[in-house]
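What follows is each chain in one-letter form.
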Amino acid sequence: MTPPSAPGLPAPTLDLGGRTALVTGAAGGIGRACVLRLAASGAKVRAVDRDATGLEALAERSASAGLAGSVEPHVLDLTDLDAAELAAAGTDVLVNNAGLQLVRPIEEFPPDVFHTVLTVMLEAPFRLIRGALPHMYGQGWGRIVNVSSVHGLRASAYKSAYVAAKHGLEGLSKTAALEGAPHGVTSNCVNPGYVRTPLVEKQLTDQARAHGIPEERVLTEVLLQDSAVKRLVEPEEVAEAVAYLCGPQASFVTGTSLALDGGWTAH
C-alpha cells in the first residue's frame, strides 16, 4: 500500500468534505474548538451538548465565520444513553469530549456524582461508538477520537471519578482500535494537561479547599506542579491534535494516546 505522502513532500491538508462528524461537550472549551476546526475542514458537524444557549452561540459563530462545513446543534443530555447511541448513527468522525469534574476525597465523594461522571464520560462514549460503528464499518472508514486527559495516564488525589472514567476511556479506545482496524476505523485518545476551559477554572475553589491553600496558589502549586511547561493548554491546540488524528497522515496511528501535557508524563 502506498503511504499517504512521500518523504520530502508537504503533508496533506485535512479535507472532511462530505463527512459527518459528531462532537460531544460542544458548547464550550475543547468541544467548541473541535467543532470549529472540523467544520473549517468541510465536515458537517453535529454539535452535541445539553447547553442549548451555548450551542446557539456556537452555531451563530460558525455561520458568521464562513466555514467550509456546517454546524448542526443537537441538544442532548448524555445520561440518556439510548438517545446518545441513536445520535451517533451515520457518523464518520466521532469526538468523545464531554466531561465533568468534582474534586473531593474518596470518603466525601457523593456516590451519585461518581455514577454520573462514569455515565457521561465512559458509558456514553461506549454507546456513541456503538452507534457510529455500523456506518463506519459499512463504508470501510472512520475516525474515533476520545478526548482523554493526562489523568487517563496518571492519577491525582481527590479525583476518583474523573481518573477512573479517563482510565476506562483509554481501555475502551484501545479495544475499539483493535476491533476497528480490519474495517478502516482508527481509535485514539488525546491527553491534554490542564486546558484553559470553564471546567478547569471551576476547579480552583475545590482544589483550594481540598489542599487547604488559597485559590491563587492552586494554579502554580497544584495544577501545573508536574508540568515542565508552566502554562495552561489552549483548546485550539487540542483541536489541532484531534484534526491530525482525522487526517490521512494519521491513517497508521491507532490504539494510542497522544499527550499534550507540557512534559507531565516525562517524569
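Calculation notes
- Residues numbered from 1 in each chain as written.
- Predicted model: local features only at pLDDT ≥ 70, side-chain atom pairs only at ≥ 80, totals over all residues.
- Heavy atoms only, no water.
- Helix = DSSP H or I, 4+ residues; strand = E, 2+ residues; numbered from the N terminus.
- Rg over C-alpha atoms; globule rule 2.2 N^0.38 Å.
- Buried < 20%, exposed > 50% of the residue type's maximum accessible area, 1.4 Å probe, protein only.
- Contact = heavy atoms within 4.5 Å.
- Areas by Shrake-Rupley, 256 points an atom, 1.4 Å probe, with all protein chains shown as cover.
- Lys, Arg positive; Asp, Glu negative; His and termini not counted.
- Charge placed at Lys NZ, Arg CZ, Asp CG, Glu CD.
- Disulfide = S-S within 2.5 Å.
- Pairing = 2+ DSSP bridges.
- Axes fitted to C-alpha atoms, helices over the stretch in contact; angles between N-to-C directions.

Draft legend 1. Layout of the overall build of the protein. On a plain count of helices and strands, the protein comes out with nine helices and seven strands. Computed over the C-alpha atoms, the radius of gyration of the protein is 18 Å, within 12% of the 18 Å expected from 2.2 N^0.38 for a compact globule of 267 residues. With respect to the principal axes defined by its C-alpha atoms, the protein has extents near 55 × 45 × 40 Å. Expressed as a percentage of its 267 residues, the buried residues of the protein come to 49%. Sequence separation of 24 or more characterises 74% of the internal contacts of the protein that already satisfy a separation of 6 or more. If you sum the accessible surface of the protein, you get close to 12200 Å²; carbon and sulfur atoms cover 56% of it. Here the protein contributes 21 positively and 28 negatively charged side chains, and the mean placements of these two sets differ by 4 Å.

Draft legend 2. Quick peek at the state of the cysteines. Under the defined criterion, the tally for this structure stands at zero disulfides. Not part of a disulfide, Cys34 finds its nearest cysteine sulfur in Cys246, a span of 8.6 Å. By relative accessible area, which is 0% here, Cys34 ends up buried. Cys189 carries a free sulfur, and the closest cysteine sulfur to it, the one in Cys34, is 13 Å from it.

Draft legend 3. Geometry of the environment of Gly184. Mapped onto the elements, Gly184 comes out in the loop between helix H5 (160-180) and strand S6 (185-192). Sequence-wise, Gly184 and Met136 are 48 residues apart; in three dimensions their C-alpha atoms are separated by 8.0 Å. Sequence-distant contacts of Gly184, defined by excluding residues within four places in its chain, comprise Gly140, Trp141, Gly142 and Arg143.

Draft legend 4. Here's a closer look at the sheet that holds strand S3 (residues 70-75). Read from one edge of the open sheet, seven strands run S3-S2-S1-S4-S5-S6-S7, paired in parallel fashion. Strands at the two margins of the open sheet, each flanked by one partner only, are S3 and strand S7 (257-260). Neighbour-to-neighbour, the strand axes of this sheet turn through a mean angle of 15 degrees, independent of strand direction. Pairing geometry for strand S4 (residues 93-96) and strand S5 (residues 142-147), over four bridges, is parallel. The partner of Val95 across the bridge, within S5, is Val145. On top of the sheet, helix H1 (residues 29-40) reaches strand S1 (20-24), strand S2 (44-49), S3, S4, S5 and S6; it is set at about 170 degrees to S1, its chief contact. Against the sheet, H5 engages S5, S6 and S7, with an angle of about 155 degrees to S6.

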